[in-house]
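Architecture and fold: a report
Residues per chain, in single letters:
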Amino acid sequence: MRCMTVALCCLPAVSIAASDDPKELERQLAQVRSEPMVFIVATGEPNACGRGCSEWIAGEGRFDEGATQRFREFLAVSAKRDLPIFFNSDGGLLREAVQIGSILRENRMTVGVARTVAEGCHRGSPLDDACRRLMQSKREHKARLYFGGARCASACVYAMVGASTRHVDPGAKLPINSNTGREIEKTNNSLRRYVVAMGVDPGLVDAAAKIPSRSSRELSRGEMERFGIETRGLYETPWFAYHGPAGEFLLLKSVTYPTGDTADEYRTRTVGLACSRSSTNIRFMYHQELTAKESRTPPMIRAKIGDSLIDLTTLKPQKDLIEKSFDLEPRQLQSAIETGSFEIAEMFDQSMIKTPSRVVRFSTLGLSANIVALESKCASKRGSPSLSSSASAPDKSPEQRREEGNRILTTEGLRKEQATRVVASSKNQRIGFFTYLTPDCDSGGEVEVRITKKPEHGTAETTTATNFPNYPKENIRARCNEHKVRGVQINYESAEKYVGSDELELLVLFPGGFAWEVHYDISVR
């Protein structure tokens, strides 16, 4: 599940705080080019960058074209990627910022927001030309670090959240605003996927989207905590539904928690749900970051999905991470939803690494509503809404439903059903009931039923009613059959004293773009 890599390909090359006016955009780009990002290794007084820290990497300026390549080369030459990095930036190009954020994550780096003033430079911000030339003249400088008035604005925020461990001093500021350019919503959706993979609430992207690109708003300390921007204790994102290119659809969630001997380093675990390629099951994906110590002696991993235990101990780490995927049956997914979480247990060989075993839980709160959308997408790919319709369509036994399934004609989002009903003459009675439920038996949305062919020898009507659904036992919602739910009921009444055959046709419209055409053969006795 290459959440970070895939997200990058969909980001525009330019996304800065500018209007769509060509002249204004060019002015902003010229400003970015005039203040390119400068990277140096800075050395200060003891504890200048934290307890026991006197050396750090400084990132001063805007995220310009080529900043990513310069940063890769900088890390390769300096071999000091274990140092913290401090940004002071008014933003710049979004793609460059996100790519640098991914490099920070690859190297499990720590980030902060502060101004680095090299020896021989003035304290003013932004850098003047003389100071910029001085900092660019060599890779290492004696310097001082100032937190007050430091900024990590706009695109810089997305670079910052890429770091594994993140600190924001109370004196620093994080202004946000919306992106500009073409296909803004597509860009924002890719950003949401990126930040979730980094352990940050996608609500950050939504908050930024509300701020006009020509202005900005500083994130409050409360928002930083709510979005998980600053790593502090355990943090869990909500479930996020990602609509990718070419019909890709994923449900994602991440958990970030402290690790290391002093619990001052952080790692992120990500789980995802997607359509299985070859069955009606759901694909479960797991992505785990490892510390350098864990990479040498990887943990034994076991997933607990509801009442099922799945052994993942055969995993082999690749580039300090573990990735695994497997199929879940509907009953396993339902069991996990009822339990309240997915659990991943990590057990270490105590003779090799003195790290206690841990259990990471991914809450299933809010998953049910998203599962409906996922099932709809999966059913669309398979050419049948059988998973997504969530309807007790004309009351049939499981055997009847399976038998009639052989006669179902499917097109994209459309399914044709045929049913037979035997009714008493001149008596108004129910012949069908349709509803749409989530796996936890909550309403998944309203169902609309239209009579497309009226009966010739009687009358039919649709009415809102409460009744028992009738899901087959293999359906994830079979337990919903035990309780009455709200839906649309179909009633039929023959003409007075009529005995013989009649027929009726309906169009049943479900949420998610699926429909059933239902034909009733009615025998009036």
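Scope of this entry: the structure provided in the associated data block. (Residues numbered from 1 in each chain as written. Predicted model: local features only at pLDDT ≥ 70, side-chain atom pairs only at ≥ 80, totals over all residues. Heavy atoms only, no water.)

Observations concerning the pattern of salt bridges
The condition that has to hold: The term salt bridge refers to a pairing of a side-chain nitrogen on Lys or Arg with a carboxyl oxygen on Asp or Glu at a separation within 4 Å. Secondary structure elements follow DSSP: runs of H or I of four or more residues count as helices, runs of E of two or more count as strands, with numbering from the N terminus.
What the rule picks out here adds up to 22 salt bridges. E35 is the partner of R62 in a salt bridge, and the nearest nitrogen-oxygen pair spans 2.9 Å. Linking R62 in the loop between β2 (55-60) and α3 (67-78) with E35 in the loop between α2 (22-34) and β1 (38-43), this pair joins segments that are 27 residues apart in sequence. As a salt-bridge pair, E448 and R450 come within 2.8 Å of each other at their nearest N and O atoms. Each of the salt bridges in this network shares a partner with another, and the network as a whole consists of E185, R192 and D206.

Quick notes on the pairing of strand β5 (residues 115-118)
Definition in use: Residue exposure (1.4 Å probe, protein chains only): buried if accessible area is under 20% of the type maximum, exposed if over 50%, otherwise partly exposed. Pairs of strands are assigned from DSSP output, requiring at least two bridges between the strands.
Burial along β5 is two-sided: the residues R115 and V117 and T116 and A118 are all buried. As defined by bridge partners, β5 adjoins strand β6 (residues 140-146) across four bridges and the pair is classed as antiparallel. Bridge assignment links T116 to a residue of β6, and that residue is L145.

Some points on the environment of D320
Keep this limit in mind: Contacts are residue-level and defined by heavy atoms, with any inter-residue pair within 4.5 Å sufficient.
Looking at where D320 falls in the secondary structure, it is placed in the loop between β16 (308-311) and β17 (321-328). Classification of D320 by relative accessible area gives partly exposed; the value is 31%. Along the primary structure D320 and N107 are separated by 213 residues, whereas in three dimensions their C-alpha atoms are 9.1 Å apart. Among residues more than four places away in sequence, those in contact with D320 are R108, Q288, E289, L290 and S295.

Notes on the environment of E223
Within the secondary structure layout, E223 lies in helix α9 (residues 221-227). Here E223 falls in the buried class, since its relative accessible area comes to 12%. Considering only alpha carbons, one finds E223 and L204, 19 residues apart in sequence, at a separation of 8.5 Å. Not counting the four nearest positions on each side in its chain, E223 is found in contact with R217 and E218.

Here's the deal with the state of the cysteines
Here a disulfide denotes one covalent bond, and it connects the sulfur atoms of two cysteines. As a reminder of what qualifies: We call a pair of cysteine sulfur atoms a disulfide when they lie within 2.5 Å.
Considering all chains together, one arrives at three disulfides under this definition. Residue C121 pairs covalently with C131 via a disulfide, S to S 2.0 Å. Because the torsion about its S-S bond is 100 degrees, the bridge between C121 and C131 counts as right-handed. Here C131 lies in helix α5 (residues 129-136) and C121 lies in the loop between β5 and α5, a separation of ten residues in the sequence. On the basis of relative accessibility, which here comes to 15%, the residue C121 falls in the buried class.

Structural notes on the sheet that holds strand β18 (residues 341-347)
Quick reminder of the rule: Whenever a helix is involved, its axis is fitted only over the stretch in contact; in every case the axis is a line through C-alpha atoms, and angles between N-to-C directions fall within 0 to 180 degrees.
Taken together, four strands build an open sheet; the order of strands is β16-β15-β18-β19 and the sheet is antiparallel. In the strand order of this sheet, the two ends are held by β16 and β19 (358-363), each with one partner. On average, each strand axis in the sheet is inclined to that of its neighbour by 20 degrees, with strand direction left out of account. Bridging between β18 and β19 involves six bridges; their strand directions are antiparallel. Note on β19: the bridge partner recorded for I344 is V360. Strands β15 (300-305), β16 and β18 of the sheet are contacted by helix α11 (residues 330-339), whose axis makes an angle of about 90 degrees with β18.

Looking at the nonpolar core
Rules: Nine residue types can take part in a nonpolar core, namely buried Ala, Val, Leu, Ile, Met, Phe, Trp, Tyr and Cys, and a core is a set of them joined through side-chain atoms within 4.5 Å.
Residues F71, I85, F87, Y158, L174, L204 and I229 are the most contacted members of the largest nonpolar core, which totals 49 residues. Counting residues in hydrophobic clusters, the runner-up holds 32 residues, among them C275, I282, I337 and F362.

Quick notes on the sheet that holds β1
The sheet built from seven strands is open, its strands ordered β5-β6-β1-β2-β3-β4-β7 with mixed pairing. Each having just a single partner strand, β5 and β7 (165-166) make up the two edges of the open sheet. Taken strand by strand, α5 contacts β1, β2, β5 and β6, and its axis lies near 75 degrees from that of β1.

What to know about the layout of surface pockets
Put simply, the rule reads: We place a 1 Å grid over just the protein atoms. Points where a 1.4 Å probe fits but has no way out form a cavity, open points with protein on both sides within 12 Å along at least 5 of 7 lines form a pocket, and any residue with an atom within 4 Å of a point lines it. Grid points are joined across faces, edges and corners, and a volume is the space filled by probe spheres set on the points. Under the scheme applied, nonpolar residues are Ala, Val, Leu, Ile, Met, Phe, Trp, Tyr, Cys and Pro; charged residues are Asp, Glu, Lys and Arg; polar residues are all the others, including Gly.
Size it by volume and the largest pocket reaches roughly 660 Å³. Considering the residues around the largest pocket, the lining is formed by 25 residues, among which P84, T110, T165, H167 and D264 are closest to the centre. Counting only elements with at least two residues in the lining of the largest pocket, the list comes to β4 (110-113) and β13 (265-275). At four residues, the largest contribution of residues to the lining of the largest pocket is made by β4. Split by residue class, the lining of the largest pocket holds eleven nonpolar, six polar and eight charged.

Concerning the packing of α3 against helix α4 (residues 94-106)
Rule in force here: If an angle is under 35 degrees, it is roughly parallel; if it is over 145, roughly antiparallel; if it lies from 65 to 115, roughly perpendicular; otherwise it is oblique.
Contact pair α3 / α4: the axes reach a minimum separation of 8 Å and the direction vectors enclose 25 degrees. The angle between α3 and α4 falls in the class roughly parallel. When α3 is examined against α4, the residues A67, T68, F71, R72 and L75 are found in contact with a partner set consisting of E96, Q99, I100, I103, L104 and E106. Partitioning the contact of α3 with α4 into residue classes produces six nonpolar, two polar and three charged.

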